[in-house]
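Chains, contacts and geometry: an overview
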Amino acid sequence: MANSEKLKKLIEEVREESSVAVQFSEKLTKEFSEDLDNAIRELEVIMDSIGESSIEDIPDTQLEYYCVKIPALMYRAGVKLEEFGLMADISSSQKRQEYNEAMLKVSGTVQEKKARVEQLIEDKALVEVIYKRTYNSLRGKLDMAEKLYSGLKKALSKRISESDLDRFSKDSYVRRSEEDD
């Protein structure tokens, strides 16, 4: 039981210490994925409205709209994803540079120096974590949006194929009827 209580306490400490980083990361992610999130929520509302029935109940115009809208939103979010990747790399480089500079200035044993330096660069490390988390979060959203887009594309392609097949069948029936006359 003592281990369970200790574990709960440690988890709560981590939650408290990470709350600022999580808030910054969520704010950055939201800023650059909000339109994509909204489009996906709109699709969820549409899917909820048809319930357990078929995707065929979604009008063609809406399918076409989201087949165009989602990639456009993904493109914008993808540009920001690359920026976050660059910022993560730069923050990592800054942290490493500050670490090396601090190691030269701090005295003591190697272990003492490392401990002291890690305290000194804590802010740089936090910035690096925020950018990496934001990058990963946005990457995950883009991956899921890609899967959603792929599903929409398949549904639209199926409709187009069925429409073409239906039109071809009607055309050949009309031609046969004309030939019989």
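Structure's up top.
Residues numbered from 1 in each chain as written. Predicted model: local features only at pLDDT ≥ 70, side-chain atom pairs only at ≥ 80, totals over all residues. Heavy atoms only, no water.

1. A word on the overall build of the protein
- On a plain count of helices and strands, the protein comes out with four helices and zero strands.
- The order of α-helices and β-strands along the protein, N terminus first, is α-α-α-α.
- Its C-alpha atoms give the protein a radius of gyration of 27 Å, more than 25% over the compact-globule value 16 Å for 181 residues.
- Counting only residues that meet the buried cut, the protein has 23% of its 181 residues in that class.
- Total accessible area computed for the protein in this model is approximately 13,100 Å², and 54% of it derives from carbon and sulfur atoms. (Helix = DSSP H or I, 4+ residues; strand = E, 2+ residues; numbered from the N terminus. Rg over C-alpha atoms; globule rule 2.2 N^0.38 Å. Buried < 20%, exposed > 50% of the residue type's maximum accessible area, 1.4 Å probe, protein only. Areas by Shrake-Rupley, 256 points an atom, 1.4 Å probe, with all protein chains shown as cover.)

2. Topic: the packing of aromatic side chains
- Under the defined criterion, the tally for this structure stands at three aromatic pairs.
- Geometrically, the ring pair formed by F32 and F84 is edge-to-face, given 5.4 Å between the ring centres and 70° between the ring planes. Taken together, the residues F32 in helix α1 (residues 2-50) and F84 in helix α2 (residues 60-105) connect sequence positions 52 residues apart.
- Judged by its relative accessible area of 23%, F32 falls in the partly exposed class. (Phe/Tyr/Trp six-rings, centres within 6.5 Å; stacked < 30°, edge-to-face > 60°.)

3. Section: the pattern of salt bridges
- In the structure shown here, the tally under the stated rule is twelve salt bridges.
- Ionic pairing is found between E5 and K8, a salt bridge with its closest N-O pair at 3.9 Å. Taken as a pair, E5 and K8 lie in helix α1 at a separation of three residues, close to a single helical turn.
- E5 gets classed as partly exposed once you look at its relative accessible area, which sits at 45%.
- Between R139 and D143 there is a salt bridge, with its nearest N and O atoms 3.2 Å apart. Taken as a pair, R139 and D143 lie in helix α4 (residues 122-180) at a separation of four residues, close to a single helical turn.
- Within this structure, K95, E128 and K132 form a network of salt bridges that share partners. (Salt bridge = Lys/Arg side-chain N within 4 Å of Asp/Glu carboxyl O.)

4. Quick notes on the side chain of T134
- By the element assignment, T134 lies in helix α4.
- Within polar-contact distance, the side chain of T134 engages the backbone oxygen of I130 at 2.7 Å.
- Discounting chain neighbours no more than four positions away, the residues touching T134 are S25, L28, T29 and F84. (Polar contact = N/O pair within 3.5 Å; in protein donor to acceptor, adjacent residues only side chain to side chain. Contact = heavy atoms within 4.5 Å.)

5. Some points on the packing of α2 against helix α3 (residues 110-120)
- Taken N-terminus to C-terminus, the directions of α2 and α3 make an angle of 135°; their axes are 9 Å apart at the nearest point. The angle between α2 and α3 places the two elements in the oblique class. Judged by the sense of rotation from one axis to the other, the crossing of α2 with α3 is right-handed. Here α2 contributes E98, Y99, A102 and M103 to the contact with α3, which in turn contributes K113, K114, V117, E118 and L120.
- Broken down by class, the residue content of the contact of α2 with α3 amounts to five nonpolar, no polar and four charged. (Axes fitted to C-alpha atoms, helices over the stretch in contact; angles between N-to-C directions. Parallel < 35°, antiparallel > 145°, perpendicular 65-115°, else oblique. Left-handed = near helix turned anticlockwise from the far one by under 90°. Nonpolar A, V, L, I, M, F, W, Y, C, P; charged D, E, K, R; others polar.)

6. Overview of a negative patch on the surface
- On the surface, E13, E16, E17, E122 and D123 cluster together into a negatively charged patch.
- Of all elements in the fold, only α1 and α4 reach the threshold of two or more residues within the negative patch.
- The element best represented in the negative patch is α1, accounting for three residues.
- Tracing the chain through its elements places D123 in helix α4. (Patch = residues over 30% accessible without salt bridge, like charges linked within 9 Å, V, L, I, M, F, W, Y side chains within 5 Å. Lys, Arg positive; Asp, Glu negative; His and termini not counted. Charge placed at Lys NZ, Arg CZ, Asp CG, Glu CD.)

7. Comments concerning the environment of R116
- Its location among the elements puts R116 in helix α3.
- Taking the C-alpha atoms as reference points, R116 and T61, 55 residues apart in sequence, are found 62 Å from one another.

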